[in-house]
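In case you want the letters, here they are:
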Amino acid sequence: MASSSTYVPGPISNGKPIVYVHCKYCNTTITGGISRFKSHLAHTRKGVHACPDVPADTKLEMQDLLRKGENSRAVKIRNFDYMVSEGSYSHAQTESESELELGVESTPNASNSDRGRRGPMDRSSSFANILRSVGEYGRGLKQPSMYELSTWVLREEVKTKNKMVDSSKRTWTATGVTIMSDGWTDSIDASKYVKDANRLFKVLDTIVEEVGEEHLMQVVTDNAPAYKSAGNLLMRKRKKLYWTLCAAHCIDLRLAKLFELPQMKKAYLIAKKQTDGKDVKKIILRDQTFWPGLVYSLKAMKPLVGVLRLIDAENVPAMGFIYGAMDRAK
């Protein structure tokens, strides 16, 4: 390939000339680097015109080189996908962590690298897709400007999200819809009138109207007095709709009530007051009321905490298990 090309200077960028490749066969200057020149000779027609005068053996050689490069990239992408899916990044273990597990004291010069520790990005398939896309693009990727992000990039993202919403809406007829009222304020900020039952009723009724009463199965809220009244008003107007208390909120309130028991509160206050190591040691070794209170707290709260974890789990629907879990908690 060296005899089929020469390098020619291009325009100046950041004070340095950009070097282009000149094809000796067709007397054409190819911009974009050596990979594009290979495509020019190989007749791939990927972003560059084919050389009309390239010899057949040179063309086959370039096609073979490009094929090997694509296979190598495919292997790297496949290995990356496998490592992400298997959690290889998160399960790696540093030498210092291994030494700690074996009981070896770390030296002052030991490495404290965070490599291998799981973080939020390890669980994000979107982040892995971003890295893959950047790698496929190759060198020279230019980040979008603020103008681009706020114009066509934003519009395309809105279109994508609308398609996702529309796809979800098409399932409503078959699956039904549950409206859940929460403490978030990024969609509808009702924090100014959370104690006003009539205002809450109007907000919930507006959402019901937007979704369509024919699709709705239930509306779920917490069991504060204003929400109870709003739920009853909603059922009075919408005869086919059910208002349901939030199970997690109910258990939260029950746990808060249990915490007011003197045995639990006393153990908590004893532990809270102590900040000195010697005082903590005294509590652990000598206090005759702390440990019984702690054991009592664990026995009383553990069953309900187990139910709460089941309800709040996102990977498995809890409806089929909640009644059995409550019976066991009793």
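The structure contained in this document is the topic of the report that follows. Sequence order sets the numbering: in each chain, residues are counted from 1 along the sequence as written. Per-residue local features of the predicted model are confined to residues with pLDDT of at least 70, and side-chain atom pairs are confined, for both listing and counting, to 80 or more; whole-chain, interface and lining totals are unaffected and use all residues. To get the side-chain values, all heavy atoms of the structure are used, and hydrogens and water are removed first.

## Focus on the sheet that holds strand 4 (residues 177-180)
(1) Moving on: Any two strands with at least two DSSP-identified bridges between them are counted as paired. Numbering goes from the N terminus for both helices and strands, where a helix is a DSSP run of H or I of at least four residues and a strand is a run of E of at least two. Spatial ordering of the open sheet is given by 4-5-6, a layout of three strands whose pairing is parallel. Pairing within the sheet leaves two strands with one partner each, and these edge strands are strand 4 and strand 6 (242-245). Sheet twist, expressed as the mean angle between neighbouring strand axes with direction ignored, is 25 degrees.
(2) Moving on: Here strand 4 pairs with strand 5 (residues 216-221) via four bridges, running parallel. Directly across from Val177, in strand 5, lies its bridge partner Leu216.
(3) Moving on: On top of the sheet, helix 9 (residues 197-211) reaches strand 4 and strand 5; it is set at about 150 degrees to strand 5, its chief contact. Interaxial angles span 0 to 180 degrees and are taken between N-to-C directions of axes, which are lines fitted to C-alpha atoms, for helices over the stretch in contact. In this description, contact between two residues means that some pair of their heavy atoms is separated by no more than 4.5 Å.

## Points about the pattern of salt bridges
(1) Moving on: We define a salt bridge as a contact between a side-chain nitrogen of Lys or Arg and a carboxyl oxygen of Asp or Glu at a distance within 4 Å. Applying the stated criterion across every chain, the model contains nine salt bridges.
(2) Moving on: When the shortest N-O distance is used, the salt bridge between Asp64 and Lys68 registers 3.5 Å. On the criterion of helical spacing, the pair formed by Asp64 and Lys68 is a turn pair, its members being four residues apart in helix 2 (residues 56-86).
(3) Moving on: Burial here depends on accessible area, computed with a 1.4 Å probe over protein chains only, as a share of the maximum for the residue type. Under 20% is buried, over 50% is exposed, and the range in between is partly exposed. By relative accessible area, which is 52% here, Lys68 ends up exposed.
(4) Moving on: Glu156 is the salt-bridge partner of Lys159, the closest N and O atoms lying 3.6 Å from each other. Of this pair, Lys159 and Glu156 both sit in helix 7 (residues 152-169), separated by three residues, roughly a single helical turn.

## Overview of the nonpolar core
(1) Moving on: Membership of the largest hydrophobic core comes to 15 residues, with the highest contact counts inside it found for Ile179, Val208, Val211, Leu216, Val219, Leu234 and Leu241.
(2) Moving on: Sorting the residues of this core by element identifies strand 4, helix 9, strand 5 and helix 10 (225-237) as the ones contributing at least two each.
(3) Moving on: No other element matches helix 9, which puts five residues into this core.
(4) Moving on: Leaving out residues up to four positions away in the same chain, Leu241 has contacts with Val208, Leu216, Met217, Val219, Leu234 and Met235. Buried residues of nine kinds, namely Ala, Val, Leu, Ile, Met, Phe, Trp, Tyr and Cys, make up a nonpolar core once their side-chain atoms join them within 4.5 Å.

## Here's the deal with the side chain of Asn223
(1) Moving on: When you line up the elements, Asn223 lands in the loop between strand 5 and helix 10.
(2) Moving on: By relative accessible area, Asn223 is classed as buried at 15%.
(3) Moving on: A polar side-chain atom of Asn223 sits 2.9 Å from a polar atom in the side chain of His249.
(4) Moving on: Here Asn223 is in contact with Lys228, Leu245, His249, Cys250 and Leu253, once residues within four sequence places are set aside. Counting of polar contacts relies on pairs of N or O atoms within 3.5 Å, with two restrictions inside protein: one atom must be capable of donating a hydrogen and the other of accepting it, and residues adjacent in sequence are counted only when both atoms are side-chain atoms.

## Overview of the packing of helix 12 (residues 262-273) against helix 14 (residues 290-312)
When two helices pack together, their arrangement is captured by the angle between the axes and the distance separating the axes.
(1) Moving on: In the contact formed by helix 12 and helix 14, the axes pass within 8 Å of each other and the chain directions differ by 125 degrees. Relative to helix 14, the element helix 12 is oriented oblique. The hand of the helix 12/helix 14 crossing is left-handed. Facing Gln263, Met264, Ala267, Ile270 and Ala271 of helix 12, the residues of helix 14 in contact are Phe290, Gly293, Leu294, Tyr296, Ser297, Ala300 and Met301.
(2) Moving on: When its residues are assigned to classes, the contact of helix 12 with helix 14 shows nine nonpolar, three polar and no charged. Throughout, the term roughly parallel applies to angles under 35 degrees, roughly antiparallel to angles over 145, roughly perpendicular to angles from 65 to 115, and oblique to all others. Handedness of a helix crossing follows the sense of rotation of the near helix relative to the far helix, less than a right angle counterclockwise being left-handed and clockwise being right-handed. Ten residues, namely Ala, Val, Leu, Ile, Met, Phe, Trp, Tyr, Cys and Pro, are considered nonpolar, four, namely Asp, Glu, Lys and Arg, are considered charged, and the remaining ones, Gly among them, are considered polar.

## Describing unusual backbone geometry
(1) Moving on: Located in the positive-phi region is Asn27, a residue other than glycine, with phi close to 60 degrees.
(2) Moving on: Along the polypeptide, Asn27 turns up in the loop between strand 2 (16-23) and strand 3 (28-30).
(3) Moving on: Despite not being glycine, His43 shows a phi value in the positive range, around 65 degrees.

## A look at a nonpolar patch on the surface
(1) Moving on: Residues form patches when they are more than 30% accessible in relative terms and have no salt bridge. Like charges link within 9 Å. Nonpolar side chains (Val, Leu, Ile, Met, Phe, Trp, Tyr) link within 5 Å. Each accessible area is a Shrake-Rupley result for a 1.4 Å probe, and residues are judged covered by the shown protein chains and nothing else. Taken together, Ile130, Val134, Tyr137 and Leu141 make up a surface patch of nonpolar side chains, about 390 Å² in accessible area.
(2) Moving on: Mapped onto the elements, Ile130 comes out in helix 5 (residues 125-137).

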